[in-house]
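Given next are the chains, with one letter for each unit.
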Amino acid sequence: MSFPPGIRRRFVVSFPLLLLVTLSFAVVATADGASQDDGPELPACNNPFKLVKVKIWVDGVEGEDLSGITASFGASLPEEANKSSKLPTVFSNPLNGCSNSSSKLTGSVALSIRGDCDFVTKAKVAQSGGASALLVINDNEELYKMVCSENDTSLNISIPVVMIPKSAGDAINKSMEEKHVEFLLYAPTRPIVDFSVIFLWAMAVGTIVTASLWQEFDTSENSDERYNELSKESPNAGTGDDDDKEILDISVKGAIVFVITASTFLVLLYFFMSAWFVWLLIVLFCIGGVQGMHTCIMTPIARKCRNCPQKTLNLPLFGEVSIVSFVVALCCLIFAVVWAVNRRESYSWVGQDILGICLMITVLQLARLPNIKVATVLLCCAFVYDIFWVFLSPLIFHQSVMIVVARGDNSGGESIPMLLRVPRAFDPWGGYDMIGFGDILFPGLLVAFAFRYDKAYKKHLASGYFLWLIIGYGVGLLFTYLGLYLMNGHGQPALLYLVPCTLGVTVILGLVRGELKELWNYSPESSSATTNLTGEA
């Protein structure tokens, strides 16, 4: 459905974009690892930490698998489920597992809560009581790496020791009320590279390439022509005069204010995140996604069938719109509603990615960087923003604010949709590999600028900037996922890698070619005027 240019620009780009991009700077990966408080490596206490799958049966009925992490001491677990055995589960008494249990632990998996004594003491007590394994329930959702105390120079722990998150302990507690519960523990090997990473990389790079080349379809011009012809309110219909009104040029001041505002939003979300607010974000995402999908579908239709938009109908609030545009908008709306209703299903990532990609393509048409000066301010501010809220915020808030917000803690089980995600195909723990919209949009603005600059000066691929920035973005994304792997899945500030690989490449190429001053002070309007005067356009 075609909306007036001013309304569309303000609605799609301004408020929703600020909220959506604020929450999507960081690459978010399910942190199957834990806090990095490893402690010293001591003799007989240097086992590698491994992720554990805990299969559970309640009265013989298999339930949902749980996840945990092994300690740096104790026996190793088999990598395959068929090499392990089902064992009954018993809560230690006392529950902290710090002294001999009055409950019979022989041949069972002993459960205890964290606290009151060190992990080694809990393991020794469980082992002396005849337990076959010990599961320690953490007091929060982060999995803590259990290490030996400084006084333990030699150990004789022959049972596996595993920590599980608080929510898993709560679920087990409910299941064990007058029911027989059995566990099976094993530690499957996680693949180094999953196919989902390759697919997500291709989607991110493809979105930026598509958004940059989309200008060749003259999206805004065609859209404005149709609107002007239908509304008959502009005497310059078809001249493309409104095209400039559609573009949101980012200024230096605007870039700084945006990052400051984004930080404010992020802190507010950290303290006041709730299910209703996530629902608000879902609604905004659907509205932006519908508008983006409508634009992406109508552009090729209008290009191939220029007479299609001429058949119109009159609608309340929207006035006169083309039948084709209305039908496409209705289909896009149904698509978004179906996704929202089924957003928790295993296949919902497909709809989320389609809506997200269409939204980002549209945003990259409506917002632009005028030159490298503004790009440097925006990307450097975003660079610092990303690093601070992912890595440095725990020094103040005791948690990574960016990861907590992106993960949707305290959101009632709802997840924030402002990211692309792909399910891990070969990971025994499942989960998703993800990338936030901000990690595509901010470098994408620079890449789109490079394409416009190359086009204005008729540069070939090798002598221009567009190709090299695409390569730089792809390499930066590879570095991001390498960082994820090296940090055991801990969420990474993707702009830490993407900004040097895009903005850095631009600056270096500009210096080498002697064009940095021109890139720094480039003006689309002056370039267009110069091109027209020389007759090259």
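If you're wondering where the values come from, they're calculated on a predicted model, not measured in any experiment.

A.B. asks: Outline the overall build of the protein chain, supporting the account with residue identities and numerical values.
C.D. replies: When you go through the protein chain residue by residue, the secondary structure sums to 18 helices and 14 strands. Expressed as a percentage of the 537 residues in the protein chain, the buried residues total 52%. Long-range contacts, defined as pairs at least 24 residues apart, comprise 75% of the intrachain contacts of the protein chain with a sequence gap of at least 6. With the model as given, the accessible surface of the protein chain reaches about 24300 Å², and the carbon-plus-sulfur share is 61%.

A.B. asks: Outline helix 2 (residues 119-128), supporting the account with residue identities and numerical values.
C.D. replies: Inspection of helix 2 places Phe119, Val120, Lys122, Ala123, Val125 and Ala126 among the buried residues, and these make up the whole buried set. Residues of helix 2 that are buried make contact with strand 5 (109-113), strand 6 (133-137) and strand 7 (161-164). N-capping of helix 2 is provided by Asp118, with a side-chain oxygen placed 3.2 Å from the backbone N of Val120. Following helix 2 by one or two positions, Gly130 adopts a phi angle in the positive range, close to 90 degrees.

A.B. asks: Give a detailed account of the nonpolar core, specifying residues and quantitative values.
C.D. replies: Leu369, Ile435, Leu446 and Tyr473 are the most contacted members of the largest nonpolar core, which has 93 residues in total. Examining the composition of this core, we find that 11 residues originate from one element, helix 14 (residues 438-456), more than from any other. Judged by nonpolar contacts, the second largest core, of 23 residues, contains Phe119, Ala123, Leu134 and Val136.

A.B. asks: Describe in detail the environment of Val384, supporting the description with residues and values.
C.D. replies: Note that Val384 resides in helix 11 (residues 372-392). The exposed category is assigned to Val384, whose relative accessible area is 53%.

A.B. asks: Residue-level account of helix 14, with values.
C.D. replies: Its 19 residues place the ends of helix 14 27 Å apart at the C-alpha level, agreeing with the 27 Å of an ideal helix rising 1.5 Å per residue. The principal kink in helix 14, of about 30 degrees, is found at Gly444. Burial within helix 14 is extensive, with 18 of its 19 residues counted as buried. Lys458, located one to two residues past helix 14, shows a positive phi value of around 50 degrees.

A.B. asks: Which residues make up the side chain of Thr376, and what are the values?
C.D. replies: For Thr376, the position within the fold is in helix 11. For Thr376, the side chain forms a polar contact with the main-chain oxygen of Ile372, separated by 2.7 Å. Leave out the neighbours within four places in its chain, and Thr376 touches Leu503 and Trp520.

A.B. asks: Any chance you could break down the confidence of the model for the protein chain for me, citing the residues and the numbers?
C.D. replies: Counting all residues, the mean pLDDT for the protein chain is 80, and 80% of those residues have values of 70 or more. For the protein chain, per-element mean pLDDT is lowest for helix 5 (residues 219-231), which scores 44, and highest for helix 16 (residues 495-513), which scores 95. In this model, residues 1-15 is a region of pLDDT below 50 whose contacts with residues beyond four sequence positions or in other chains number 42 contacts.

A.B. asks: Can you break down the packing of helix 8 (residues 275-304) against helix 10 (residues 348-366) residue by residue, with the values?
C.D. replies: How two helices pack is summed up by the angle between their axes together with the distance between the axes. Packing of helix 8 against helix 10 leaves a shortest axis separation of 7 Å and a crossing angle of 70 degrees. As summarised for this structure, helix 8 and helix 10 are arranged roughly perpendicular, according to the angle between their axes. Like other packed secondary-structure pairs, helix 8 and helix 10 cross with a definite hand, here left-handed. Of helix 10, the residues touching helix 8 (which contributes Phe285, Gly288, Gly289, Val290, Gly292, Met293, Thr295 and Cys296) are Gln352, Ile354, Leu355, Gly356, Cys358, Leu359, Ile361 and Thr362. In the contact of helix 8 with helix 10, the residues fall into nine nonpolar, seven polar and no charged.

A.B. asks: Account for the packing of aromatic side chains, naming residues and giving values.
C.D. replies: Summed over the entire model, instances satisfying the criterion amount to 18 aromatic pairs. Judged by centre distance (5.9 Å) and plane angle (45 degrees), the ring pair of Phe258 and Phe442 falls under tilted. One end of the pair, Phe258, is in helix 7 (residues 252-272); the other, Phe442, is in helix 14, and 184 residues separate them in sequence. Of the two residues, Phe258 and Phe442, both sit in the buried class. With 4.9 Å between their ring centres and 40 degrees between their planes, Tyr453 and Tyr457 make a pair best called tilted. By relative accessible area, which is 1% here, Tyr453 ends up buried. Residue classification places Tyr457 among the partly exposed positions, given a relative accessible area of 36%. Here a set of aromatic residues connected by ring pairs shows up, and it is made of Tyr270, Phe271, Phe388, Trp389 and Phe397. Above the plane of the ring of Trp57 lies Lys86, whose end atom (NZ or CZ) is 4.5 Å from the centre.

The rules behind the values
Residues numbered from 1 in each chain as written. Predicted model: local features only at pLDDT ≥ 70, side-chain atom pairs only at ≥ 80, totals over all residues. Heavy atoms only, no water. Helix = DSSP H or I, 4+ residues; strand = E, 2+ residues; numbered from the N terminus. Buried < 20%, exposed > 50% of the residue type's maximum accessible area, 1.4 Å probe, protein only. Contact = heavy atoms within 4.5 Å. Areas by Shrake-Rupley, 256 points an atom, 1.4 Å probe, with all protein chains shown as cover. Polar contact = N/O pair within 3.5 Å; in protein donor to acceptor, adjacent residues only side chain to side chain. Core = buried A, V, L, I, M, F, W, Y, C linked by side-chain atoms within 4.5 Å. Expected span 1.5 Å × (residues − 1). Bend = angle between axes of the 7 residues up to and from the residue. pLDDT = per-residue confidence, 0-100. Axes fitted to C-alpha atoms, helices over the stretch in contact; angles between N-to-C directions. Parallel < 35°, antiparallel > 145°, perpendicular 65-115°, else oblique. Left-handed = near helix turned anticlockwise from the far one by under 90°. Nonpolar A, V, L, I, M, F, W, Y, C, P; charged D, E, K, R; others polar. Phe/Tyr/Trp six-rings, centres within 6.5 Å; stacked < 30°, edge-to-face > 60°. Lys NZ or Arg CZ within 6 Å of the ring centre and 35° of its normal.

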